[in-house]
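Inside the fold
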Amino acid sequence: MKNLKTLIIYVFTGELKLWLILRNIRGRKIIMYENFIGKQSVIVKNIIERGAVKKFAEAIGDPHPIYFDEEYAKNTKHKKPIVPPTFAKTFNYGQIEGLELPKSGLIHGEQAFYYERPLKTGEVVFCSRTLKEINEKKGSRGVMLFLNFEEKGESVEGETIFVAKRLTIITEKVRQQMEEN
Amino acid sequence: MKKQFDSKVFSPVHKLELIKYAGASGDFNPIHIIDEEAKKTGLPSVIQHGMLTMAKVGSVFSNHLDKGYIQNFSVRFKGMVYENDTVTAKAILKDKKNEGLYTYEVTATNQEGKVILLGHVDFALL
């Protein structure tokens, strides 16, 4: 905080929002993430490509034939190749309009996937994401923002195949860098 | 699938691996690839993608995928993983819910025994 007036008011009230308003008066670009709570992105159609799954399996050091070998998969319970459990993270979930996140420095706090059934190579999945909740924590290095996203993958028939929950952390330093650019 | 616990030790993290994962996953956050960018955000050097650590933990179950699948997989990232770190992933059977649904506690630790990931996997038999 470079402005003394800002600093004094922040110390006395401890109110982050008031601090942000003062910064706004000084003409800095402020990103009010709170405005995006509950907003969903436009749904995006994803097609699971065999080559992409194989490349992913190799990149994670797990080139198991069940992920790309049709002959092998025929003899398993799945009958067809399935995708690794974290592959769903690679889908395009669309943009939440107006929500800008830092391109560098985001920290991944938590991740969860809940599947109704395994995803199969070749499938079409309709994906979207929603910002569910934001929490703040004041630490020694400033305020950390915790953004909770929910991501969903649905079949052509509109059935939910999986839900993913993600906690993204934006540190004070990363937020400042983004706002200064 | 009735194994009490399963574990896997991964080769030391290599920058090429981080680059390959960035390409395969589409996550080009430069803190995983460019040391200068990592330093700008306060890190000493590049770190492994949390999702790559999670994927490696998931691979502990790959030999069982013929008969089932990971139904639920939730983790908390507890620590950073740097180049040359050796990660060990462990899965410990905690509970058998219905017939064919097994809950495992999963952990990943680095070469100093520090926990870098903690979570759960529900594995369902088909």
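In case you missed it, the structure is sitting above this.
Just so it is clear, the model here is predicted, and its values are computed rather than measured. (Residues numbered from 1 in each chain as written. Chains lettered and ligands numbered in written order. Predicted model: local features only at pLDDT ≥ 70, side-chain atom pairs only at ≥ 80, totals over all residues. Heavy atoms only, no water.)

**Describing unusual backbone geometry**
Backbone geometry at Lys79 of chain A places phi at a positive 70°, although glycine is not the residue there. When its relative accessible area of 53% is taken as the criterion, Lys79 of chain A is described as exposed. For Asn84 of chain B, which is not glycine, the phi dihedral falls at a positive 75°. Within the fold, Asn84 of chain B resides in the loop between β2 (68-77) and β3 (88-96). Taking the relative accessible area as the measure of exposure, Asn84 of chain B reaches 60% and is therefore exposed. (Buried < 20%, exposed > 50% of the residue type's maximum accessible area, 1.4 Å probe, protein only. Helix = DSSP H or I, 4+ residues; strand = E, 2+ residues; numbered from the N terminus.)

**With respect to the environment of Leu145 of chain A**
Residue and element names in this part refer to chain A. Checked against the element boundaries, Leu145 lands in strand β4 (residues 142-154). The class for Leu145 is buried, based on a relative accessible area of 2%. Separated by 22 residues in sequence, Leu145 and Leu167 have C-alpha atoms that sit 10.0 Å apart. Here Leu145 is in contact with Tyr33, Ile134, Asn135, Glu136, Thr168, Ile169, Ile170 and Arg175, once residues within four sequence places are set aside. (Contact = heavy atoms within 4.5 Å.)

**Re the sheet that holds β3 of chain B**
Read across the open sheet, the 10 strands follow the order β1(A)-β3(A)-β4(A)-β5(A)-β2(A)-β2(B)-β5(B)-β4(B)-β3(B)-β1(B); overall the sheet is antiparallel. Each having just a single partner strand, β1 (44-47) of chain A together with β1 (5-9) of chain B make up the two edges of the open sheet. The mean inter-strand angle of the sheet, taken between neighbouring strand axes irrespective of direction, is 25°. Note: strand β4 (residues 101-109) of chain B against strand β5 (residues 115-125) of chain B, 9 bridges, orientation antiparallel. By the bridge assignment, Thr109 of chain B is partnered in β5 of chain B with Val115 of chain B. Its contacts with the sheet place helix α3 (residues 50-58) of chain B against β2 (107-115) of chain A together with β2, β3, β4 and β5 of chain B, and it is angled at close to 140° to β2 of chain B. (Pairing = 2+ DSSP bridges. Axes fitted to C-alpha atoms, helices over the stretch in contact; angles between N-to-C directions.)

**A word on the interface of chain A and chain B**
Every contact between the two is made by 35 residues of chain A and, on the other side, 34 residues of chain B. Interface area for chain A against chain B, summed over the two sides, is near 3000 Å², with a carbon-plus-sulfur share of 59%. Sorting the residues of chain A by area buried against chain B places Ala59, Ile60 and Lys77 of chain A first, and these three jointly supply 15% of that buried surface. The interface formed by chain A and chain B contains 1 salt bridge. Summed over the shared surface of chain A and chain B, the result is 15 residue pairs in polar contact (both at pLDDT 80 or more). Counting residues per element, the ones that place at least two in the side of chain A that touches chain B are α3 (50-59), β2 and α5 (172-180) of chain A. Top contributing element to the side of chain A that touches chain B by residue count: β2 of chain A, with 8 residues. Grouping the constituent residues of the side of chain A that touches chain B by class yields 15 nonpolar, 11 polar and 9 charged. Strand direction decides the pairing type here: β2 of chain A and β2 of chain B, joined by 5 bridges, are antiparallel. (Buried area = accessible area lost by both parts, 1.4 Å probe. Salt bridge = Lys/Arg side-chain N within 4 Å of Asp/Glu carboxyl O. Polar contact = N/O pair within 3.5 Å; in protein donor to acceptor, adjacent residues only side chain to side chain. Nonpolar A, V, L, I, M, F, W, Y, C, P; charged D, E, K, R; others polar.)

**Description of the packing of aromatic side chains**
Each aromatic ring pair is summarised here by two numbers: the centre-to-centre distance and the angle between the ring planes. One pass over the full model with this rule turns up 9 aromatic pairs over all chains. Here Phe56 of chain A and Phe87 of chain A contribute two aromatic rings whose centre-to-centre distance is 5.2 Å and whose plane-to-plane angle is 85°, an arrangement assigned as edge-to-face. Taken as a pair, Phe56 of chain A in helix α3 and Phe87 of chain A in the loop between α4 (70-74) and β2 lie far apart in primary sequence, 31 residues in all. Phe56 of chain A gets classed as buried once you look at its relative accessible area, which sits at 0%. Note on Phe87 of chain A: relative accessible area 3%, which makes it buried. Aromatic pair Phe61 of chain B and Phe123 of chain B: ring centres 6.0 Å apart, planes at 15°, arrangement stacked. Of this pair, Phe61 of chain B sits in the loop between α3 and β2 while Phe123 of chain B is found in strand β5, placing the two residues 62 residues apart along the sequence. A single burial state applies to Phe61 of chain B and to Phe123 of chain B, both of which are buried. (Phe/Tyr/Trp six-rings, centres within 6.5 Å; stacked < 30°, edge-to-face > 60°.)

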